[in-house]
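Take a look at the letters that make up each chain.
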Amino acid sequence: PVDWEHLNLFQDDIGSVSRTGGRTVPGESRFVYLKYWKPRGVTCTTDRSIRGNIVDEVNHPERVFMVGRLDKDSSGLIILTSDGRVPNSVLRAKENHPKVYFVTTARDLSDADLEELRSGVTITT
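The present account deals with the structure reproduced in this document. (Residues numbered from 1 in each chain as written. Predicted model: local features only at pLDDT ≥ 70, side-chain atom pairs only at ≥ 80, totals over all residues. Heavy atoms only, no water.)

With respect to a nonpolar patch on the surface
There is a patch of nonpolar side chains on the surface, built from Tyr-101, Val-103, Leu-117, Val-121 and Ile-123 and spanning about 570 Å² of accessible area. Residue position: Leu-117 is located in helix H3 (residues 111–118). The class for Leu-117 is partly exposed, based on a relative accessible area of 45%. (Patch = residues over 30% accessible without salt bridge, like charges linked within 9 Å, V, L, I, M, F, W, Y side chains within 5 Å. Areas by Shrake-Rupley, 256 points an atom, 1.4 Å probe, with all protein chains shown as cover. Salt bridge = Lys/Arg side-chain N within 4 Å of Asp/Glu carboxyl O. Helix = DSSP H or I, 4+ residues; strand = E, 2+ residues; numbered from the N terminus. Buried < 20%, exposed > 50% of the residue type's maximum accessible area, 1.4 Å probe, protein only.)

Structure follows, in structure tokens:
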């Protein structure tokens, strides 16, 4: 079974919790907010024609999409929601939200490597 948990993020969300298997408690919001620990190998896409996509992996009965994304070879916490306000407000470049990444390196880093990383890394797509 996939391990996801409903979140209540806004004032109109009336203190209910649902967990794996779809068990629900009365008072849920009109939107779905899920926190999900994405394992390596799952692709952050809503394209269901791609094998191993996050939507099929989570298998939530409502249509949800990611707030951000993680690379296929990474694992970590990701939020999924049916609420379009959240990803739009978080992901818009004009909102200027800093992005912080925690990484594990394949080798020990030298002082020069660390200094270069501390000065900032530009990620391009």
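Looking at the environment of Thr-46
Looking at the secondary structure, you find Thr-46 in the loop between strand S2 (33–38) and helix H1 (54–58). Along the backbone, Thr-46 and Asp-56 are 10 residues apart, and their C-alpha atoms lie at a distance of 8.5 Å. Setting aside residues up to four positions removed in sequence, Thr-46 forms contacts with Val-55, Val-64, Phe-65 and Met-66. (Contact = heavy atoms within 4.5 Å.)

Some remarks on the pattern of salt bridges
Under the definition given, this model contains 4 salt bridges. Of the charged contacts, one joins Arg-69 and Asp-71 as a salt bridge, the two residues approaching to 3.1 Å between their closest N and O atoms. Assessed through its relative accessible area of 56%, Arg-69 is described here as exposed. For Asp-71, a relative accessible area of 48% corresponds to the partly exposed category. The partner of Arg-107 in a salt bridge is Asp-113, and the shortest N-O contact between them spans 3.1 Å. Exposure remark for Arg-107: the relative accessible area of 52% places this residue in the exposed category.

Fair warning: the whole summary comes from geometry, so function is off the table for now.
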